[in-house]
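Summary of structural features
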Amino acid sequence: MEERNLWEREAEIMDSQKQKPVLGFIGTGVMGKSMVRNLLKAGYRTLVYTRTKEKASELLEEGAEWQSSVAELASASDVVMTMVGYPSDVEEVYIGDQGIISNARPGSILIDFTTSSPALAEEIYQLGLSNKLYTLDAPVSGGDVGAREGRLSIMVGGELEVFEQVEDIFNVVGENIVLQGPAGAGQHTKMCNQIAIATNMIGVCEAIVYAEKAGLNPRTVLKSIESGAAGSWSLSNLAPRMIANQLEPGFYVKHFIKDMTIALESAKQMGMLTPGLELSKKLYEDLAERGGEDNGTHALVTLFRDE
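Residues numbered from 1 in each chain as written. Predicted model: local features only at pLDDT ≥ 70, side-chain atom pairs only at ≥ 80, totals over all residues. Heavy atoms only, no water.

Structural notes on helix H7 (residues 118-130)
Spelled out, the test is: Here a helix means four or more residues in a row that DSSP labels H or I, a strand means two or more in a row labelled E, and each is numbered from the N terminus. The span expected for a helix works out to 1.5 Å for each residue beyond the first. Only protein chains enter the calculation, and the probe is 1.4 Å; a residue is then buried if its accessible area is under 20% of its type maximum, exposed if over 50%, and partly exposed in between. Picture the helix axis, draw a direction to every C-beta atom, and the arc is the one those directions span. By definition, residues are in contact when any of their heavy atoms lie within 4.5 Å. Within 3.5 Å is the distance limit for a polar contact, defined as a pair of N or O atoms, with the added protein rule that one can donate a hydrogen and the other accept it, and that residues adjacent in sequence qualify only through two side-chain atoms.
An ideal rise of 1.5 Å per residue puts 18 Å on 13 residues; H7 measures up with 19 Å between its terminal C-alpha atoms. Along H7, the positions that sit buried rather than exposed are Pro-118, Leu-120, Ala-121, Ile-124, Tyr-125 and Gly-128. Projection of H7 onto a plane perpendicular to its axis shows the buried side chains occupying an angular sector of 155°, all on one side. Residues of H7 that are exposed and point over 90 degrees away from its buried face: Ala-119 and Ser-130. Residues of H7 that are buried make contact with helix H5 (87-94), helix H6 (100-103), strand E6 (134-137), helix H11 (185-213) and helix H15 (253-270). Capping the start of H7, Ser-117 holds a side-chain oxygen 3.2 Å from the backbone nitrogen of Ala-119, two or three residues further along. Two residues or fewer after H7 comes Lys-132, characterised by a positive phi angle close to 60°.

Regarding unusual backbone geometry
Within the chain, Lys-132 stands out as a residue other than glycine whose phi angle is a positive 60°. The topology assignment puts Lys-132 in the loop between H7 and E6. Although it is not a glycine, Asn-245 sits at a positive phi angle of roughly 55°. Relative to the assigned elements, Asn-245 resides in the loop between helix H14 (239-243) and H15. Residue classification places Asn-245 among the partly exposed positions, given a relative accessible area of 46%.

Topic: the environment of Lys-258
Along the chain, Lys-258 turns up in helix H15. We classify Lys-258 as buried; its relative accessible area is 9%. It is 24 Å that separates the C-alpha atoms of Lys-258 and Val-36, two residues lying 222 residues apart in sequence. Lys-258 has contacts with Gly-85, Tyr-86, Pro-87 and Thr-115, leaving out every residue within four places of it along the chain. At 2.6 Å, the side chain of Lys-258 forms a polar contact with the backbone oxygen of Thr-115.

Things to note about the pattern of salt bridges
The condition is simple: A pairing counts as a salt bridge when a side-chain nitrogen of Lys or Arg comes within 4 Å of a carboxyl oxygen of Asp or Glu.
Counted under the stated rule, the structure contains 14 salt bridges. Two residues, Asp-78 and Arg-105, come together in a salt bridge whose shortest N-O distance is 2.6 Å. One end of the pair, Asp-78, is in the loop between helix H4 (70-76) and strand E4 (79-82); the other, Arg-105, is in the loop between H6 and strand E5 (109-112), and 27 residues separate them in sequence. According to the relative accessible area criterion, Asp-78 is partly exposed, its value standing at 30%. Classification of Arg-105 by relative accessible area gives partly exposed; the value is 33%. Ionic contacts of the salt-bridge type, sharing partners, join the residues Arg-37, Glu-58 and Glu-62 into one network.

Observations concerning the pairing of strand E8 (residues 152-157)
The line we're drawing: Strand pairing is assigned whenever DSSP detects at least two bridges linking the two strands.
Summarising burial for E8: 6 of the 6 residues are buried, a large majority. Direction of pairing for strand E7 (residues 140-141) relative to E8: antiparallel, over a ladder of 2 bridges. Along E8, the bridge assignment pairs Val-140 with Ile-154.

Topic: a negative patch on the surface
Basically, it comes down to this: Nonpolar side chains (Val, Leu, Ile, Met, Phe, Trp, Tyr) are joined into patches within 5 Å and like charges within 9 Å, using only residues with over 30% relative accessible area and no salt bridge. Note that accessible areas follow from Shrake-Rupley with a 1.4 Å probe, and for residues the cover is restricted to the protein chains shown. Neither His nor the chain ends is counted toward charge; the positive residues are Lys and Arg and the negative residues Asp and Glu. For this purpose, a charge sits on NZ of Lys, CZ of Arg, CG of Asp or CD of Glu.
On the surface, Glu-161, Glu-164, Glu-167 and Asp-168 cluster together into a patch of negative charge. Of all the secondary-structure elements, those providing two or more residues to the negative patch are helix H9 (160-165) and helix H10 (167-173). Along the chain, the position of Glu-164 falls in helix H9. Under the relative-accessibility criterion, Glu-164 is labelled partly exposed at 46%.

A short note on the packing of aromatic side chains
For clarity, the threshold we go by: Put simply, two rings from Phe, Tyr or Trp (the six-membered ring, in Trp's case) pair if the centres are within 6.5 Å, and we call them stacked under 30 degrees between planes, edge-to-face over 60, tilted for the rest. Consider the ring centre and the ring normal. A charge sits over the ring if Lys NZ or Arg CZ is within 6 Å of that centre and within 35 degrees of that normal.
Taken as a whole and judged by the stated rule, the model has 6 aromatic pairs. Relative to Phe-170, the ring of Phe-113 lies with its centre 6.1 Å away and its plane at 80°, an arrangement referred to as edge-to-face. One end of the pair, Phe-113, is in the loop between E5 and H7; the other, Phe-170, is in helix H10, and 57 residues separate them in sequence. The exposure classification of Phe-113 matches that of Phe-170, with both residues buried. Of the aromatic side chains, those joined through ring pairs into one cluster are Phe-25, Phe-113, Phe-163 and Phe-170. One cation-aromatic arrangement involves Lys-20 over Tyr-44; the distance from NZ or CZ to the ring centre is 4.4 Å. Above the face of the Tyr-252 ring, Lys-254 is positioned so that its terminal group lies 5.1 Å from the ring centre.

Some details on the packing of H11 against helix H16 (residues 275-292)
Any two packed helices are characterised by the angle at which their axes cross and by the distance between the axes. To keep things clear, this is the line we draw: Helix axes use the C-alpha atoms of the stretch in contact, all axes being lines fitted to C-alpha atoms, and the angles between their N-to-C directions lie in the range 0 to 180 degrees. Roughly parallel here means an angle under 35 degrees, roughly antiparallel means over 145, roughly perpendicular means 65 to 115, and every remaining angle is called oblique. Crossings are classed by handedness, with left-handed meaning an anticlockwise turn of the near helix from the far one by less than a right angle and right-handed meaning a clockwise turn. Note on residue categories: nonpolar means Ala, Val, Leu, Ile, Met, Phe, Trp, Tyr, Cys or Pro, charged means Asp, Glu, Lys or Arg, and polar means any other residue, Gly included.
Between H11 and H16, whose axes approach to 9 Å, the crossing angle comes to 65°. Of the possible angle classes, the one that applies to H11 and H16 is roughly perpendicular. With respect to the hand of their crossing, H11 and H16 are arranged in left-handed fashion. Contact residues: Ile-195, Ala-198, Thr-199, Met-201 and Ile-202 in H11; Gly-276, Leu-277, Leu-279, Ser-280, Leu-283 and Tyr-284 in H16. By residue class, the composition of the contact of H11 with H16 is 8 nonpolar, 3 polar and no charged.

Printed below as a string of structure tokens:
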């Protein structure tokens, strides 16, 4: 009887896996690795590709399946997801003879989690339609912690019918998942997110360094201010890393500069003023020039300590 129950349980697992779409995931960096890991834990068969296979080695040991190229992965997946670095990387993996759009099966859903250009998201959407593919731009927020714990905020642009088909997948990697509007709306929403973070990060850094220079214990100061009117995600999650001088990336400085550049370009097209964003970008560029481009965004605090 015990053997039969075991067999029945295995059969149920196999049946449930058959009902799940085959996922393809391109990009297994800080964020992508945790997202894939959560998808595997949720029982999805997940194919992976990244430029350097070594970066995916842990995931392959945990059950992910390696594909030798973008084209191979796209042709074998029902849902293709990407989490790469820059808009140029997005363009490379989606567009061209060896890209996703040329090789994905008709009817496939393509989800780009990368923070990229709204205009590029709209272009990919149109190219997808011409190839009977359905695309969603779905940039995320929440950093390495949010990715690891499956608590990312996901900002989605695309069609409601497509969004509803992959809600179960979104729910594995995130918690706050909102369809913001048509193609490109997810990227525009992420720009709002990055603009808010950019100036807030300056305030967090100044507050921590002020506490240090005033001879206060910054940890006890943090206890007083993080739950009040000054509270923010950056204050609660990144200020402790600043205090401990732990500068490892949850989100790279170089990628944040990329995001702010996109936001400034979009804001310029809309004719709006962004003095806080411009200041933040300048400070981060100064940090990068000092060798901090591969640190986490909270490493901005080192500029204020050095002054």
